[in-house]
Amino acid sequence: MKIKFKLMLLISAVVTLAVFPLAMVVLYRNESVITKKTFEVCRNLSQNIAKASTEELLVGVTYDSTRSVIQGLRETEIEGLLNAFVVNHEGILIASLSEQRKVGSQLDKVELSTINAIRELQMDEVGKAKDILRFVYPIFIQYKGKELRVGSAVFEFDKAKVYRPIAEMRNTIYYVSTIVFIIAIALAIISAIFITRPILSLSDGARIIGDGNLDYRIEVNSKDEIGQLARQFNEMTAKISDFTNNLEAKVAQRTKELNDTLAEVQMLKQQQDGDYYLTSLLTKPLMNKPATATPVVVEFIVEQKKKFSFKQRHSEIGGDLCSSDSIIIGGRRYTVIINADAMGKSIQGAGGTLVLGAAFKAHIIQAKLGKSANTKPEIWLRDTYRDLQNIFVTFDGTMYISILLGLVDEENGFFYFINAEHPATILYRDGIADFIDNSAGLRKLGIPGEEERLEIRTFQIRPGDVIITGSDGRDDIILTDENGNEYINEDETLILRLTEEAQGDIRVLAQKIKERGKLMDDLSLLSVRFTGTPVNAETDVPPEMEERLSAGEKLLAEGNTAAALEAIQPFLNTGTKLPDLFHLLARIYFNSGDYEKAASCYEQLSILQPENDEVLYSLSYIRGLMGDLNSAADYGECLFLRNRTHKLNLLHLAQIYYEMGVHSRSAKLTELLLELDADNEQARELFAKLQKQRQLTSVEAENWKKEVKAALRAYRAKHWHTATVHFENALRIRADDARSWYRLGICYLHQRRYEDAVNAFRKTLIFDANDFHARNNLAYAYFYLGELKLAREQLEITVRMQPDFAPALKNLEYVSKLQTPTRTTHA
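Owing to the predicted nature of the structure, the values given are computational and were not obtained by experimental measurement.

A separate point is the pairing of strand β1 (residues 81-88). With respect to burial, β1 is a largely interior element, seven of its eight residues being buried. Both β1 and strand β5 (residues 146-158) contribute to a ladder of seven bridges, which runs antiparallel. Following the sheet pairing, Asn-88 is matched in β5 by Gly-151. Across three bridges, β1 lies against strand β2 (residues 93-96) in antiparallel orientation.

And the structure:
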């Protein structure tokens, strides 16, 4: 009876303690919901007002849209709304719902300071009795990644009306809680009487079984939940008894099953190791070095992460590859190197290196067979990269490979290389290690679209230099801090310090990497040293030669090419390798119209100064004048691969391809030039000529008309997205339609696609350079991209074109004001 009484009291206490807190929780929960809903209403209103007023607050001329939105709130009948108003950043009311706050009035300084201090939607209780809920929403514009405040939207609510449902609910909860409490007490008494007895019986049975009597069974007298629990308890006891009596047999059976499974796993592992071993045998021939000694010394080490044994043979497998060979390109001998890191571990990575190694080997064999006898190193690297890229693109994202692919001229040590998302190449010179290609480059082989971004880098290796490349296993090592905690290295300069400690020796470097931390990936390192004679361009000019060179320069400037040639004649057959001499001689021959000899001088300069981009440009230009368009295109492409922003080369190369009839390549190069220099008149004319030469078929012409009509209908209806789709379709058919480009730019602006808008307006100006509206809108797009300098340049051009164009004048004044403090802050 004591247990029943205690249980009854416990249940009563639980109910008593639960009912009233429940009432308070519900009450405050509803108050929170109402507040949250009010917040959402204010947020939606604020965002609508911000959209309408941002530009008006920014320009500060008229506020019709803002006032219309505020006055429209009268019809919404929002519960408890007393007033809504908008102020600019100076505290002047530009719109108000209530007569108490008149439009044009000035907030007092305290209130303005309080409002301007708020950075996001915020609620405060104001008024003498704290009976008004005020919501303040700041209005910003985005400028150069920063937010500039132009004003605030404020809403004021009657607190009593907003929380009136809470007061009504509070009374209801009090009534319901009292009734629930009375019912709970009654149920507790009944439960104590009818539930306690079977629970006590179940408790006694559990105690007896717990003491070790597994033959005892609890008496079941009911079919309710307690009866079911008793039956399940009896069943559990029976199972425990059976398990105890048959434990040894079950253990033996389970042991046999585990042994059988282990044997099967061992057999599968042996088969897998066999596959690994075969793959490793296939990979090894792909990692070779030149068979004969060359002035370029290549060393590499590869340590794959996956180690295995097969029939007492120990080996490893992974996704890293190193290889080198000596080939002839364009009559000169080069050492070609490759260091690659395929995606995935063990067999997956090895599969990637097998495909890459085999394809790379095919290119080496072709070069050895003389297929590259008339090409140039930049072109050979480009074609090899493209072939490898095309192979891995077909894997459709299942295999990517980072690579460092390079050529080293064995005569002068000049290094041409491509880095496709491979770790930065290291130069070890005079005891100091540094990166030579740590800028952003290509992404990995297999990622579509990278062919158009191909860039070949160059570097002059001196005797004593060591060039080191390696996979990301050199950086991804697990380090341990002073507390014994492990972490992954994120310091990309660690490899530089280790290289200096190893003095450029990659075998010592590999050991130091493993001493510093634990490897977590495949590790490969490849080093290149040049032991030959570098380009020994004479720099110390004998006084006599210097005097004659100066005289030749002066005579050439005066137009006397014959006298200039005579001045330097004594040095022409002496075997001197002075670049200044060849530069002067090339210009003399060029001015005299002897392009063949001028080209020969520049060919010699390309050997003496292989890093000089202007020499390549001069060769391309002269070959074009000679009518040798193929050679001109080759030299131009070499320069383009090394320097994609050389404007003169882009224009000349585009003109060469136009003359050759390769209009698609010419158009592509012209577009690149116009991206760099949108006002280049020659590029404009060439691009417009290329577009107009393309004749539309009757079907294309009809489709173009349909797309333009559909685009104009959507444009006039301000359905910007639909208009964008149709304008884009029309321009894919006919790209020289200036008005369509202009309207497409407007569509992009309305969708806040500012980068696309810049491109569209620039295309407009290609076909209509006098469209000052396009220039003004181009400046608008630049402004929202944070490019104030570019915006100002376009506005200044617009004002020069159309001095009375008011929007451009106003925009230029505004942009100029914004630029002034920026320069002051920077200074």
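Read on, since the account is not over.
In this section: the pattern of salt bridges. The full count for this structure, using the stated rule, is 32 salt bridges. The salt bridge involving Lys-368 is made with Asp-325; its shortest N-O contact spans 3.2 Å. Of this pair, Lys-368 sits in helix α8 (residues 346-368) while Asp-325 sits in strand β9 (residues 320-329), and the two are 43 residues apart along the sequence. Using a relative accessible area of 9% as the deciding quantity, one classes Asp-325 as buried. The partner of Arg-453 in a salt bridge is Glu-450, with the nearest N and O atoms 2.6 Å apart. With relative accessibility at 2%, the residue Glu-450 sits in the buried group. Overlapping salt bridges, with partners in common, bring together Arg-101, Glu-111, Arg-134 and Glu-156 in one network.

Moving on to the layout of surface pockets. Of the pockets and cavities examined, the largest pocket occupies roughly 890 Å³. When contributions to the lining of the largest pocket are tallied by element, the ones reaching two or more residues are α1 (2-59), β4 (132-143), α23 (738-750) and α25 (772-784). Residues belonging to the lining of the largest pocket are distributed by class as follows: twelve nonpolar, five polar and seven charged.

A surface patch of nonpolar side chains, about 410 Å² in accessible area, is lined by Tyr-174, Tyr-175, Val-176 and Val-180. By the element assignment, Val-180 lies in helix α5 (residues 164-210). When its relative accessible area of 36% is taken as the criterion, Val-180 is described as partly exposed.

A word on the confidence of the model for the protein chain. Confidence in the prediction for the protein chain averages 83 pLDDT; 87% of positions are at 70 or higher. Across residues 821-827 the pLDDT falls below 50, and counting only partners more than four positions away or on other chains, this stretch makes two contacts in the model.

Viewed as axis vectors pointing N to C, helix α9 (residues 377-393) and helix α17 (residues 629-642) meet at an angle of 70°, and their least axial separation amounts to 9 Å. If you check the angle between α9 and α17, you find them roughly perpendicular. Once α9 is placed against α17, the crossing between them reads as left-handed. Between α9 and α17, the residues in contact are Glu-378, Ile-379 and Arg-382 and Asp-634, Glu-637, Cys-638, Leu-641 and Arg-642, respectively.

Another aspect to go through is the sheet that holds strand β16 (residues 466-470). With antiparallel pairing, five strands are arranged side by side in an open sheet as β6-β20-β16-β13-β14. The strands lining the two open edges of the sheet, one partner per strand, are β6 (296-303) and β14 (432-435). Within the sheet, the average angular offset between the axes of one strand and its neighbour, ignoring direction, is 20°. The pairing of strand β13 (residues 426-429) with β14 spans four bridges and is classified as antiparallel. Within the sheet, the bridge partner assigned to Tyr-428 lies in β14 and is Ala-433.

Looking now at helix α22 (residues 720-733). For α22, spanning 14 residues, the distance from its first C-alpha to its last is 20 Å, which sits close to the expected 20 Å at 1.5 Å a residue. Buried within α22 are the following residues: Trp-720, Ala-723, Thr-724, Phe-727, Ala-730, Leu-731 and Ile-733. In the core, the buried residues of α22 are packed alongside α21 (698-716) and α23.

Let us look at the nonpolar core. One finds Leu-356, Trp-380, Ile-401, Leu-407, Phe-415 and Val-528 to be the most contacted residues of the largest nonpolar core, which totals 79 residues. Non-local contacts of Leu-407, meaning those with residues more than four positions away in its chain, are made with Ile-327, Ile-329, Tyr-334, Thr-335, Val-336, Pro-377, Trp-380, Leu-381, Phe-414, Phe-415 and Tyr-416. The next biggest cluster of nonpolar side chains, apart from the first, holds 65 residues, and it includes Leu-650, Cys-747, Ala-779 and Phe-805.

This paragraph deals with helix α20 (residues 681-693). Counted at 1.5 Å a residue, the expected span for α20 with its 13 residues is 18 Å, and the 18 Å between its end C-alpha atoms agrees. When we look at burial in α20, the residues that qualify are Ala-683, Arg-684, Leu-686, Phe-687, Ala-688, Leu-690 and Gln-691. On its buried side, α20 packs onto α18 (647-660), α19 (663-676), α24 (754-767) and α25. Backbone nitrogen of Gln-682 and a side-chain oxygen of the N-cap are separated by 3.2 Å at the start of α20; the cap is Asn-680.

This part covers the packing of helix α13 (residues 561-568) against helix α14 (residues 579-591). For the pair α13 and α14, the least separation of the axes is 9 Å and the interaxial angle reads 150°. Classified by the angle their axes make, α13 and α14 are roughly antiparallel. The element α13 and its partner α14 pack so that their crossing is left-handed. Residues Thr-561, Ala-564, Leu-565 and Ile-568 of α13 form the contact with α14, whose own contacting residues are Leu-581, Leu-584, Leu-585, Ile-588, Tyr-589 and Asn-591. By residue class, the composition of the contact of α13 with α14 is eight nonpolar, two polar and no charged.

This next bit is on the sheet that holds strand β12 (residues 414-420). Sheet architecture is open: five strands sit in the order β9-β10-β11-β12-β15, paired in antiparallel fashion. If you trace the sheet from one side to the other, it starts and ends with β9 and β15 (457-460), each paired once. With direction set aside, neighbouring strand axes in the sheet form an average angle of 20°. With four bridges joining them, β12 and β15 adopt antiparallel strand pairing. Bridged to Tyr-416 within β15 is Thr-458. Most of the contacts of α8 go to β9, to which it runs at about 10°, and overall it touches β9, β10 (332-342) and β11 (401-409).

Another point: the packing of aromatic side chains. Counted according to the given criterion, the structure contains 16 aromatic pairs. Connected via pairs of aromatic rings, a cluster forms that spans Tyr-754, Tyr-780, Phe-783, Tyr-784 and Tyr-814. Positioned above the aromatic ring of Tyr-635 is the side chain of Lys-376, whose terminal nitrogen or guanidinium carbon lies 4.4 Å from the ring centre.

This next bit is on the pairing of β10. Counting buried positions along β10 gives ten out of eleven residues, so the element sits mostly inside the fold. As judged from the ten bridges shared by β9 and β10, these two strands associate in the antiparallel manner. By the bridge assignment, Asp-320 is partnered in β10 with Asp-341. Hairpin geometry of β9 and β10 is characterised by an intervening segment of two residues between the two adjacent antiparallel strands and by a positive phi of about 60° at Gly-330. Where β10 lies against β11, nine bridges are found, and the strand directions are antiparallel. In the strand pairing of β11, Tyr-334 is matched with Asp-409.

Rules used throughout
- Residues numbered from 1 in each chain as written.
- Predicted model: local features only at pLDDT ≥ 70, side-chain atom pairs only at ≥ 80, totals over all residues.
- Heavy atoms only, no water.
- Buried < 20%, exposed > 50% of the residue type's maximum accessible area, 1.4 Å probe, protein only.
- Helix = DSSP H or I, 4+ residues; strand = E, 2+ residues; numbered from the N terminus.
- Pairing = 2+ DSSP bridges.
- Salt bridge = Lys/Arg side-chain N within 4 Å of Asp/Glu carboxyl O.
- 1 Å grid on protein atoms, 1.4 Å probe; cavity = no way out; pocket = protein on both sides within 12 Å on 5 of 7 lines; lining within 4 Å.
- Points joined across faces, edges and corners; volume = space filled by probe spheres on them.
- Nonpolar A, V, L, I, M, F, W, Y, C, P; charged D, E, K, R; others polar.
- Patch = residues over 30% accessible without salt bridge, like charges linked within 9 Å, V, L, I, M, F, W, Y side chains within 5 Å.
- Areas by Shrake-Rupley, 256 points an atom, 1.4 Å probe, with all protein chains shown as cover.
- pLDDT = per-residue confidence, 0-100.
- Contact = heavy atoms within 4.5 Å.
- Axes fitted to C-alpha atoms, helices over the stretch in contact; angles between N-to-C directions.
- Parallel < 35°, antiparallel > 145°, perpendicular 65-115°, else oblique.
- Left-handed = near helix turned anticlockwise from the far one by under 90°.
- Expected span 1.5 Å × (residues − 1).
- Core = buried A, V, L, I, M, F, W, Y, C linked by side-chain atoms within 4.5 Å.
- Polar contact = N/O pair within 3.5 Å; in protein donor to acceptor, adjacent residues only side chain to side chain.
- Phe/Tyr/Trp six-rings, centres within 6.5 Å; stacked < 30°, edge-to-face > 60°.
- Lys NZ or Arg CZ within 6 Å of the ring centre and 35° of its normal.

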